[in-house]
Amino acid sequence: MTKKRILSGMRPTGKLHIGHYVGALENWIKLQNEYESFHLIADYHVLTTSLDTSDIYQNSIDMLIDWLACGLDPVKSPMFRQSQIKQHAELYLIFSMLITTNRLERNPTVKDQIRDLKIENVVYGHLGYPVLQTADILLYKGNAVPVGEDQVPHIEISREIARRYNNQYGEVFPEPEPLLTKFSRLSGLDGNAKMSKSLSNTILLSDDVETVKTKLKKAAIDPNKQRKGDPGNPEICVVFSYHKKFNSNEINEVEDGCRSGALGCFDCKMNCAAKISKFLEPIIEKRKYYENKIDEVKDILHSGETVGRKVAEETMNEVREKMKLG
């Protein structure tokens, strides 16, 4: 039986953090054994919030190294840059004719991003972000897309555009389904709802032991727990949320110690830091290998782009034929 396809991607902003792993990469690695997987370095999408492209190539390489270090297999999961497969832009143009601006303006995900990034003047490309994302997905005829809950409205737009195209020109595209990640988000070290490098509240997948310790020392905790002996509320403690993911074997012990006051915050943080560093150890080791084999990394990227380009051109031949543009 032919495997269904998935398309996943990230904007290249450089080295990744543990929030990226928990929110996406962990799931991608699992799914690559169940689906035919394609993974997109979404460099065009960077332009929706920044026109500075000076670091975009190096950021793409850094992100690709993290993907490989975490366990994405380039044989199972071709990885490629959006900008190097021109059919993304062609299909985006066609799809932009199949949706109204009113529909895009109602998209809650873009509204939230505009608010969070304090964007005053929304560019046309930012409003059309879900349309380009739709082209990314449907160019590879993605049946499913691994996403967090905040991205589900984008997938609904993708389904609408696929339906509209198929009704207008003939059946070409599947209507993609969202595959929700189970542990979709880690809070930032400062207690912010999301880890973000722009907020300096992350633990990078490449952070060494001492760096992790230093960062955990500053992590937000229950403000009412001032010293050892004070009872704490783990539900509002960022460090406890990290324990849930990286120290599940001791989670009951940590929770009881926090609530009773027997466990001090410093000891709790250092225990958590040790568990995170233990988790990161093999990733950092593999990362060092690829950092010393940059030509191999570039070969993986170019091979992925060759595979992606072939699939993209097959899809666009079908699209042009249906539209009598061929």
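Look up a bit, the structure's there.
Conventions and cut-offs
- Residues numbered from 1 in each chain as written.
- Predicted model: local features only at pLDDT ≥ 70, side-chain atom pairs only at ≥ 80, totals over all residues.
- Heavy atoms only, no water.
- Phe/Tyr/Trp six-rings, centres within 6.5 Å; stacked < 30°, edge-to-face > 60°.
- Helix = DSSP H or I, 4+ residues; strand = E, 2+ residues; numbered from the N terminus.
- Buried < 20%, exposed > 50% of the residue type's maximum accessible area, 1.4 Å probe, protein only.
- Right-handed = clockwise from strand over helix to strand, strands pointing away.
- Pairing = 2+ DSSP bridges.
- Salt bridge = Lys/Arg side-chain N within 4 Å of Asp/Glu carboxyl O.

Draft legend 1. Spotlight on the packing of aromatic side chains. The tally for this structure, following the rule as stated, stands at eleven aromatic pairs. Ring centres of Y21 and F279 lie 5.0 Å apart, and the angle between their planes is 65 degrees; on these two criteria the pair is classed as edge-to-face. With a gap of 258 residues between them, Y21 in helix α1 (residues 18-31) and F279 in helix α13 (residues 265-291) connect regions that are remote in the sequence. Judged by its relative accessible area of 23%, F279 is partly exposed. Pairing F38 with Y140 gives two aromatic rings, centres 5.3 Å apart and planes at 25 degrees, and the pair type is stacked. With a gap of 102 residues between them, F38 in strand β2 (residues 36-41) and Y140 in the loop between α8 (129-138) and β4 (144-147) connect regions that are remote in the sequence. By relative accessible area, F38 is classed as buried at 2%. By the ring-pair criterion, three or more aromatic residues cluster together here, those being F95, Y165, Y169 and F173.

Draft legend 2. Up close: the pairing of β2. Burial analysis of β2 places five of its six residues in the buried class, the great majority of the element. Tracing the backbone out of strand β1 (residues 5-10), into α1 and back to the parallel element β2 gives a crossover that is right-handed. Looking at chain direction, β2 and strand β3 (residues 79-81) are connected through three bridges and run parallel. Bridging across to β3, H39 finds its partner in M79.

Draft legend 3. Here's a closer look at the pattern of salt bridges. Counted according to the given criterion, the structure contains 22 salt bridges. Across the pair R287 and D66 runs a salt bridge, and its minimum N-O distance is 2.7 Å. Of this pair, R287 sits in helix α13 while D66 is found in helix α3 (residues 56-70), placing the two residues 221 residues apart along the sequence. Its relative accessible area of 1% is what places R287 among the buried residues. Taking the shortest distance from any N to any O, the salt bridge between E250 and K275 comes out at 3.4 Å. One end of the pair, E250, is in the loop between α11 (238-246) and α12 (251-260); the other, K275, is in helix α13, with 25 residues separating them in the sequence. Given the relative accessible area of 22%, K275 is considered partly exposed. Through salt bridges with shared partners, a single ionic network connects E156, R159, R163, E175 and E177.

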